[in-house]
Amino acid sequence: VSMELTATNHSIPLSDGNRMPLIGLGTYGDPITTPKGATREAVKLAIEVGYRHFDGALVYFNEHEVGQAIREKIADGTVKREDIFYCGKLWNTFHPPELVRTALKKTLKTLQLDYVDLYIVELPTAFKPGDSFYPQDENGKYLYHTTDLCATWEALEACKDAGLVKSLGVSNFNKRQLELILNKPGLKHKPVSNQVECHPYFTQPKLLEFCRQNNIVIVGYSPLGTSRDASWVNLKCPPLLEDEVLKSVAKKYSKTTAQVCLRFNVQRGVVVIPKSFTSARIKENFDCGKLGIYICNEWADHPEYPFHEEY
């Protein structure tokens, strides 16, 4: 089904009966360099533009601004709470089952909301629980902690049953880690999504296929490419948005390279959450053409295909 992107129709069904908007706004900003209030203004503008999906986390240290923006746009009548899809994340120091609900309640208190729409395990690895989000030894090495992902998942299921969260998912999980949850004896609620890095330089075909077979939606972070950090990026590769092939496709369709990158994933049924605090880019990212929207369990029937003429 191809259709114009609007605030009301750009969502896909999740395996638990809920829906997730295909395009969201990532809200991570460096806590040191991001000006106070920038997140709040970005989220308010995004809601006015038509975004309904917001991706945040306790460790972004700005959930209070995201929550304030959402509440202000509810108060002025622009949206109702049920129109908004908010994804929060369980941080690495809260994996022990007895800490899971505490962490979720911290997020709810910071947002000043009664529930989140999606709550995901941010990473399959755990840090030592305690006051620090990034616990380190005297040599600056991170202090890891044994994690039982199945026990953590059961604690998340209890949070869903208590009405604190509508849907449960994971992030940065590989096939084996997903199978741990999917094959868990007595599984009550399946993970509906897996948030991973995904863009034209890193297309995740095998993971995408596995997730399709299991009705798990892939949410692609860094859909416009990652930051140019030499510790994990080969700086000899051109930045994604300067890639010649992508630039030529953008020129052909009178779009920007960013819009082509987003459209590439959306056509494959991958949800995208580009982060921007710049008003022009917030608007541009939302306007990436007609969408080919595939229903979860039908995705496997659609071969990967390039851009069509009817952009």
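Residues numbered from 1 in each chain as written. Predicted model: local features only at pLDDT ≥ 70, side-chain atom pairs only at ≥ 80, totals over all residues. Heavy atoms only, no water.

Caption draft 1: Spatial organisation of the layout of surface pockets. Approximately 1,700 Å³ is the volume attributed to the largest pocket. Lining the largest pocket are 49 residues, and of these Tyr221, Ser222, Thr226, Ser227 and Trp232 sit closest to its centre. Of all the secondary-structure elements, those providing two or more residues to the lining of the largest pocket are β11 (193–197) and α9 (279–286). Of the residues forming the lining of the largest pocket, the biggest block, three residues, is contributed by α9. (1 Å grid on protein atoms, 1.4 Å probe; cavity = no way out; pocket = protein on both sides within 12 Å on 5 of 7 lines; lining within 4 Å. Points joined across faces, edges and corners; volume = space filled by probe spheres on them. Helix = DSSP H or I, 4+ residues; strand = E, 2+ residues; numbered from the N terminus.)

Caption draft 2: Just the pattern of salt bridges, in detail. For the coordinates displayed, the defined rule picks out 13 salt bridges. Ionic pairing is found between Glu72 and Arg40, a salt bridge with its closest N-O pair at 3.0 Å. Placement of the pair is Glu72 in helix α2 (residues 63–75) and Arg40 in helix α1 (residues 38–49), with a sequence separation of 32 residues. Accessibility expressed as a relative area gives 23% for Arg40, which makes it partly exposed. In this structure, the salt-bridge partner of Asp55 is Lys89, at a minimum N-O distance of 2.6 Å. Separated by 34 residues along the polypeptide, Asp55 in strand β5 (residues 53–55) and Lys89 in strand β6 (residues 85–90) bring together distant segments of the chain. For the pair Asp55 and Lys89, one class covers both residues: buried. (Salt bridge = Lys/Arg side-chain N within 4 Å of Asp/Glu carboxyl O. Buried < 20%, exposed > 50% of the residue type's maximum accessible area, 1.4 Å probe, protein only.)

Caption draft 3: Spatial organisation of the UniProt feature "active site" (unreviewed entry) in the chain. Residues annotated by UniProt as "active site" (unreviewed entry) correspond here to Tyr60. Using a relative accessible area of 12% as the deciding quantity, one classes Tyr60 as buried. Apart from residues lying up to four places away in sequence, Tyr60 is in contact with Thr27, Tyr28, Gly29, Pro31, Asp55, Lys89 and Glu122. (UniProt positions renumbered as here; feature names shortened; annotations may be inferred. Contact = heavy atoms within 4.5 Å.)

Caption draft 4: Broad picture of a nonpolar patch on the surface. A surface patch of nonpolar side chains, about 440 Å² in accessible area, is lined by Phe61, Tyr134, Tyr142 and Tyr144. Inspection of the secondary structure puts Tyr142 in the loop between β8 (126–127) and β9 (144–145). (Patch = residues over 30% accessible without salt bridge, like charges linked within 9 Å, V, L, I, M, F, W, Y side chains within 5 Å. Areas by Shrake-Rupley, 256 points an atom, 1.4 Å probe, with all protein chains shown as cover.)

Caption draft 5: Looking closely at the confidence of the model for the chain. When pLDDT is averaged along the chain, the result is 90; 90% of the residues meet or exceed 70. Within the model, the stretch residues 291–311 combines pLDDT values under 50 with 60 contacts to residues more than four positions away or in other chains. (pLDDT = per-residue confidence, 0-100.)

Caption draft 6: View of the packing of aromatic side chains. Applying the stated criterion across every chain, the model contains ten aromatic pairs. Geometrically, the ring pair formed by Phe127 and Tyr144 is edge-to-face, given 5.3 Å between the ring centres and 65° between the ring planes. Linking Phe127 in strand β8 with Tyr144 in strand β9, this pair joins segments that are 17 residues apart in sequence. Relative accessible area serves as the criterion here: at 6%, Phe127 is assigned to the buried category. Above the face of the Tyr115 ring, Arg81 is positioned so that its terminal group lies 4.0 Å from the ring centre. Taking the ring centre of Phe277 as reference, the NZ or CZ of Lys275 above it sits at 4.5 Å. (Phe/Tyr/Trp six-rings, centres within 6.5 Å; stacked < 30°, edge-to-face > 60°. Lys NZ or Arg CZ within 6 Å of the ring centre and 35° of its normal.)

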